[in-house]
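Chain by chain, the residues run as shown.
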Amino acid sequence: MNREWFNAMSSFFNYRHLGFIACLLMLFANNAQAQKFCVFDVLGVQGPFYGTMLEYSTIARKWGVTLELKPYTNEEKAVEDFNAGVCDLISTTGIRARDFNLFSSSIEAIGGINNDAQMKSVIETISRPEAAKLMMQDGYEVAGVLPIGGVYLFLNDRSINSVDKIKGKKIAILAHDLVQLRLAKRLGFQALAADIDDFALKFNQGTADILPAPAIAYMPLELFKGVGNKGLVLKMPISYLSLQVVLRSDKFPANYGQKSRTYFNSMFDSLLKPTRQAEQEILYFFPAPDGEYDNYQALLRDARISMAQEGIYDTKMMSLLKKVRCKNQSNRAECTDGKE
């Protein structure tokens, strides 16, 4: 009896031992197969974008993909590492996504989108399976486009209240953004090139009169200091920003990108909540003066058409944006003049 019991227990522990080894092998295998994810968020692991990607990584496990997040507060460094193969996918702004997909990045075209509803409609359209081919370019695939919100002009002086008066004013722009450089030239600004570290500082210290920025930058970058009591934020988006998830196609299952785009599209309203809250925090948030809205829109459109002709914007995306703008405002002149 004792010998039989001893043999049974030995066998049991051997199986337990083998099971333990098998678990370790599975763990190591999962770690070896984990896809590295460069996640850009100015606030690092405490930021909303990082939190969104953390939730996304949980969903990705259901699709058979393990994501290992690597946070970055410097977007340029994140892109450099992605290009160097340190990461298999990246979350980056549409500005930087230009290098990987011209179609998806052109969603940020100057004056291309006028409100949240239009942004939602465009993201929904490009997230459909029918648009999958347009989301792939040169071995990269855009696996999601997330809304950041409108870009507004922050002004340090309310007397800058017309198209004519903005000409010649100093505007802080990101040196790496070709679109901002072109826009400054087209609108007659004096461009002050800056990097992400002193972009807001130039405005807050009064070196720049104008700063283009999304509402979510208002509190973190303390842009209220630049606006002060004499300035305002022009309540008219000159473009809409996006965060885009880009992956290396050969590192992921064939249908992963489509599942990912569908997921992010379904999260649109939830993802935009921080932006809507940030807009509520802006103290001096005023629309363009009577008669000036159309003047601004005409300037933005001229700049957009010019940049599309230069190849800075994708013409297919320009057609889609126009279709969305004209859907509920078919009486707009642009809807019938055939220029876009």
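About the criteria used
- What you see as residue numbers is a count from 1 along each chain, following the sequence as written.
- Two thresholds apply to this predicted model, a pLDDT of at least 70 for residue-level local features and 80 or more for giving and counting side-chain atom pairs, whereas whole-chain, interface and lining totals are computed over all residues.
- For the side-chain quantities, the full set of heavy atoms in the structure was used; hydrogens and water were omitted.
- For every residue, the accessible area (1.4 Å probe, protein chains only) is compared with the maximum for its type, and the residue is labelled buried under 20%, exposed over 50%, or partly exposed between those bounds.
- Working definition: helices are DSSP H or I runs of at least four residues, strands are E runs of at least two. Numbering for both runs from the N terminus.
- By the convention used here, strands pair only if DSSP detects at least 2 bridges between them.
- Here the term right-handed applies to a crossover when the path leading from its first strand over the helix to its second strand runs clockwise, the strands being oriented away from the viewer.
- We define a nonpolar core as any set of buried Ala, Val, Leu, Ile, Met, Phe, Trp, Tyr and Cys residues linked to one another through side-chain atoms lying within 4.5 Å.
- Note on contacts: a residue pair is in contact if any heavy atoms of the two residues lie within 4.5 Å.

**A short note on the pairing of strand β1 (residues 35-40)**
β1 sits mainly inside the fold: 5 of its 6 residues count as buried. In this structure, β1 lies alongside strand β2 (residues 67-72), joined through 6 bridges in parallel fashion. Across the sheet, residue F37 finds its bridge partner in β2, namely L69. In this fold, β1 hands off to helix α2 (residues 48-62), which returns the chain to β2; that crossover is right-handed. Pairing of β1 with strand β3 (residues 89-93), which is carried by 3 bridges, proceeds in the parallel orientation. Across the sheet, residue F37 finds its bridge partner in β3, namely L89.

**Considerations on the nonpolar core**
Counting residues in each nonpolar core, the largest one holds 81 residues, and the members touching the most others are M53, Y56 and L67. Broken down by element, the residue count for this core peaks at 10 residues, all from strand β9 (residues 232-248). Leave out the neighbours within four places in its chain, and M53 touches F37, V39, L69, S91, L146, L243, V245 and F264. Grouped together as the second largest cluster of nonpolar side chains are 19 residues, F154, A172, L223 and F285 included.

The analysis is restricted to geometry; functional conclusions fall outside its scope.
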